[in-house]
Amino acid sequence: MSVEKRVEATAKNIEGKVQELVGELTGNPDDKAEGQAKQAEAQVIHTVENVKDEVKKVFE
């Protein structure tokens, strides 16, 4: 498990949520979309790390 990657992904997720909220509040669809994209990217990172953990368990 890469703690650094998970922390990085969590920070990106929070950043994305804030950016999406700002986009909603200001009516800026680009900010909203970028925020959603950052959240999706963070989810992919978390999923990759989960898969790595499961693979390591299999080979231990």
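These numbers come from a predicted model, not from an experiment. (Residues numbered from 1 in each chain as written. Predicted model: local features only at pLDDT ≥ 70, side-chain atom pairs only at ≥ 80, totals over all residues. Heavy atoms only, no water.)

Notes on the overall build of the protein
Looking only at helices and strands, one finds 2 helices and 0 strands in the protein. Over its C-alpha atoms the protein spans a radius of gyration of 15 Å, topping by over 25% the 10 Å that the globule rule assigns to 60 residues. Burial statistics for the protein: of 60 residues in total, 22% are counted as buried. Carbon and sulfur atoms provide 60% of the accessible area of the protein, an area that totals close to 4,400 Å². Looking at the protein, you have 9 positive and 13 negative side-chain charges, and the mean spots of the two groups are 4 Å apart. (Helix = DSSP H or I, 4+ residues; strand = E, 2+ residues; numbered from the N terminus. Rg over C-alpha atoms; globule rule 2.2 N^0.38 Å. Buried < 20%, exposed > 50% of the residue type's maximum accessible area, 1.4 Å probe, protein only. Areas by Shrake-Rupley, 256 points an atom, 1.4 Å probe, with all protein chains shown as cover. Lys, Arg positive; Asp, Glu negative; His and termini not counted. Charge placed at Lys NZ, Arg CZ, Asp CG, Glu CD.)

Re the UniProt feature "domain: CsbD-like" (unreviewed entry) in the protein
Within the UniProt annotation, "domain: CsbD-like" (unreviewed entry) is assigned to residues 6–57. Overall, residues 6–57 shows 96% helix and 0% strand. The separation of its end C-alpha atoms is 18 Å. (UniProt positions renumbered as here; feature names shortened; annotations may be inferred.)

Some points on the pattern of salt bridges
Opposite charge on two side chains lets them pair, provided their charged atoms get close. Within the structure shown, the criterion is met by 5 salt bridges. D53 is paired through a salt bridge with R6; the nearest N and O atoms lie 2.6 Å apart. Of this pair, D53 sits in helix α2 (residues 29–58) while R6 sits in helix α1 (residues 3–26); the two residues are 47 residues apart in sequence, bridging distant segments of the chain. Neither residue differs from the other here; D53 and R6 are each classed as buried. (Salt bridge = Lys/Arg side-chain N within 4 Å of Asp/Glu carboxyl O.)

Some thoughts on the environment of K32
Mapped onto the elements, K32 comes out in helix α2. Separated by 19 residues in sequence, K32 and V51 have C-alpha atoms that sit 29 Å apart. If sequence neighbours within four positions are ignored, K32 has contacts with Q19, E20, G23 and E24. (Contact = heavy atoms within 4.5 Å.)

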